[in-house]
Amino acid sequence: MKKLLGSLELNRIYQRDVIEGMKMIPDNSIYLIIADPPYNIGKKGNYLEANDHKFRTVKEDWDTIENFEEFTYKWLKESYRVLRPGGSILSYGTKHNIYMTGYLMDQIGYEIRTEYTWNKTNAAPCWTGRNPTESTENIIWASKGKGWTYNLHYAKSINDGKNIRNVITTSLTPQREKEYGKHPTQKRLEGLTDILINLHSNQGDIVLVPFCGSGTEIVGAQMLNRNWISFETNPEYIETANKRLDSLYIDY
Ligand SMILES: C[S@@+](CC[C@H](N)C(=O)[O-])C[C@H]1O[C@@H](n2cnc3c(N)ncnc32)[C@H](O)[C@@H]1O
């Protein structure tokens, strides 16, 4: 039987603009939001040039947003409305967007609980030599007031009986997680996404993934018996995400 959330079906990806889609979600209905939004990196230029070489940075139409602050404010504000009291949001970023995200969260009324660091052990070197090698991404954890979920017993279970630190160290997204299609900014499922979902939600909870991409966060939610809902504008990414979901019943 189909499970509903207002007029939307749960456990389904909608091909829809995130802000339009979120308007259809009832107030105070979501337990956890995992957002991996555009970082607006592309706006800063397509190539880096150094030592007669050109190096590509992220340059995707979906990542280049004219009024980035307004866009970020709108989806964060809708996120706040749909979160239950005590619900959590986890939002990814780098230096390009993380400070603005944290500032806007604060303005909207979220309580910032921590900032996780994803420490990538095999990040690509800094070819220009003008900066240290960028090898981390950040994930802000914030809640809508008190009563948030932090599963300490789970945290201890993955760290020799002790609470974890707010650093998650793994290698980059492995090829085996890309066999159903590629996405230029695909997050890691095993050892990153699964940890975040286990820490901040429980079985049966409803998880909102505003930016589906290739589906890493919804696949994690499905694997861990959460309900979920997601939005994405690009049909090719939706196809990849659906193939990954189908594969769960075969080989994950
Ligand atoms: C950073 S990627 C998410 C990647 C995902 N975490 C994964 O592992 O595959 C952001 C995604 O948001 C989608 N997107 C960008 N703007 C959007 C919008 N206004 N509404 C819905 N989706 C959007 C893009 O097409 C892109 O796939």
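Fair warning: this is a prediction, and the values are worked out from it, not measured in the lab.

Draft legend 1. Spotlight on the overall build of the protein. Helices and strands together make up the secondary structure of the protein, namely seven helices and 12 strands. The C-alpha atoms of the protein give a radius of gyration of 18 Å, which matches the 18 Å a tight globule of 252 residues would have. Overall size of the protein, expressed as C-alpha extent along the three principal axes, is 60 × 45 × 45 Å. When burial is assessed residue by residue, the protein has 50% of its 252 residues classed as buried. Residue pairs at least 24 apart in sequence account for 71% of intrachain contacts in the protein once pairs closer than 6 positions are excluded. Entry remark: accessible area of the protein is about 12700 Å², with carbon and sulfur atoms responsible for 47%.

Draft legend 2. Expanded view of the side chain of Ser201. With respect to the helices, strands and loops of the structure, Ser201 is situated in the loop between helix 5 (189-200) and strand 11 (206-209). Leave out the neighbours within four places in its chain, and Ser201 touches Leu32, Thr149, Asn151 and Arg226.

Draft legend 3. Main features of the nonpolar core. The biggest cluster of nonpolar side chains holds 33 residues, and the ones touching the most others in it are Ile13, Leu90, Tyr116, Ile139, Leu196 and Ile218. In terms of residues, this core owes the most to one element, helix 5, which gives six residues. Among residues more than four places away in sequence, those in contact with Tyr116 are Leu90, Glu137, Asn138, Ile139, Trp141, Tyr150, Ile164, Asn166, Ile168, Leu196, Leu199 and His200.

Draft legend 4. Structural detail: the environment of Gln203. Summarising the element assignment, Gln203 is placed in the loop between helix 5 and strand 11. Measuring from C-alpha to C-alpha, the distance between Gln203 and Tyr31 comes to 11 Å, with 172 residues separating the pair along the chain.

Draft legend 5. Local environment of the sheet that holds strand 8 (residues 111-120). Strand order across the open sheet formed by eight strands is 3-12-11-4-7-9-8-10, with mixed pairing between neighbours. Two strands lie at the open edges of the sheet, namely strand 3 (12-15) and strand 10 (167-170), each paired on one side alone. With strand direction ignored, the average angle separating the axes of adjacent strands in the sheet is 15°. Looking at chain direction, strand 7 (residues 83-93) and strand 9 (residues 136-143) are connected through six bridges and run antiparallel. From the neighbouring strand, Ile89 faces strand 9, where its bridge partner is Ala142. Packed on one face of the sheet, helix 2 (residues 68-82) meets strand 4 (30-35), strand 7 and strand 11 and runs near 150° to strand 7.

Draft legend 6. Layout of the site of the ligand. Within the structure, the ligand sits among 22 residues, and Asp36, His183, Ser214, Thr216 and Glu232 are positioned closest to it. One of the backbone nitrogen or oxygen atoms of Val18 is found 2.8 Å away from a nitrogen atom of the ligand. In the environment of the ligand, an oxygen atom lies 2.5 Å from a nitrogen or oxygen atom belonging to the side chain of Glu232. For the ligand, whose unbound accessible area comes to 610 Å², protein coverage reaches 96%. Taken together, the residues of the shell around the ligand sort by class into eight nonpolar, eight polar and six charged.

Draft legend 7. Quick look at the pairing of strand 8. Pairing between strand 8 and strand 9: eight bridges, direction antiparallel. Pairing of Thr114 across the sheet is with Trp141, part of strand 9.

Draft legend 8. Structural view of the packing of aromatic side chains. For the structure on display, the rule yields six aromatic pairs. Ring centres of Trp75 and Phe211 lie 5.3 Å apart, and the angle between their planes is 80°; this geometry places the pair in the edge-to-face category. Within this pair, whereas Trp75 is found in helix 2, its partner Phe211 is found in the loop between strand 11 and helix 6 (216-223), the two being separated by 136 residues in sequence. Both residues of the pair, Trp75 and Phe211, belong to the buried class. The interplanar angle of 80° and the centroid separation of 6.4 Å between the aromatic rings of Trp141 and Trp148 together place this pair among those described as edge-to-face. Note on Trp148: relative accessible area 33%, which makes it partly exposed. Following the ring pairs from residue to residue traces out a cluster consisting of Phe71, Trp75 and Phe211. We note Lys120 situated over the ring of Trp118; from NZ or CZ to the ring centre the distance is 5.1 Å. Over the ring of Tyr80 we find Lys144, and its NZ or CZ is 5.1 Å from the ring centre.

The rules behind these values
- Residues numbered from 1 in each chain as written.
- Predicted model: local features only at pLDDT ≥ 70, side-chain atom pairs only at ≥ 80, totals over all residues.
- Heavy atoms only, no water.
- Helix = DSSP H or I, 4+ residues; strand = E, 2+ residues; numbered from the N terminus.
- Rg over C-alpha atoms; globule rule 2.2 N^0.38 Å.
- Buried < 20%, exposed > 50% of the residue type's maximum accessible area, 1.4 Å probe, protein only.
- Contact = heavy atoms within 4.5 Å.
- Areas by Shrake-Rupley, 256 points an atom, 1.4 Å probe, with all protein chains shown as cover.
- Core = buried A, V, L, I, M, F, W, Y, C linked by side-chain atoms within 4.5 Å.
- Pairing = 2+ DSSP bridges.
- Axes fitted to C-alpha atoms, helices over the stretch in contact; angles between N-to-C directions.
- Near = heavy atom within 4 Å.
- Polar contact = N/O pair within 3.5 Å; in protein donor to acceptor, adjacent residues only side chain to side chain.
- Nonpolar A, V, L, I, M, F, W, Y, C, P; charged D, E, K, R; others polar.
- Phe/Tyr/Trp six-rings, centres within 6.5 Å; stacked < 30°, edge-to-face > 60°.
- Lys NZ or Arg CZ within 6 Å of the ring centre and 35° of its normal.

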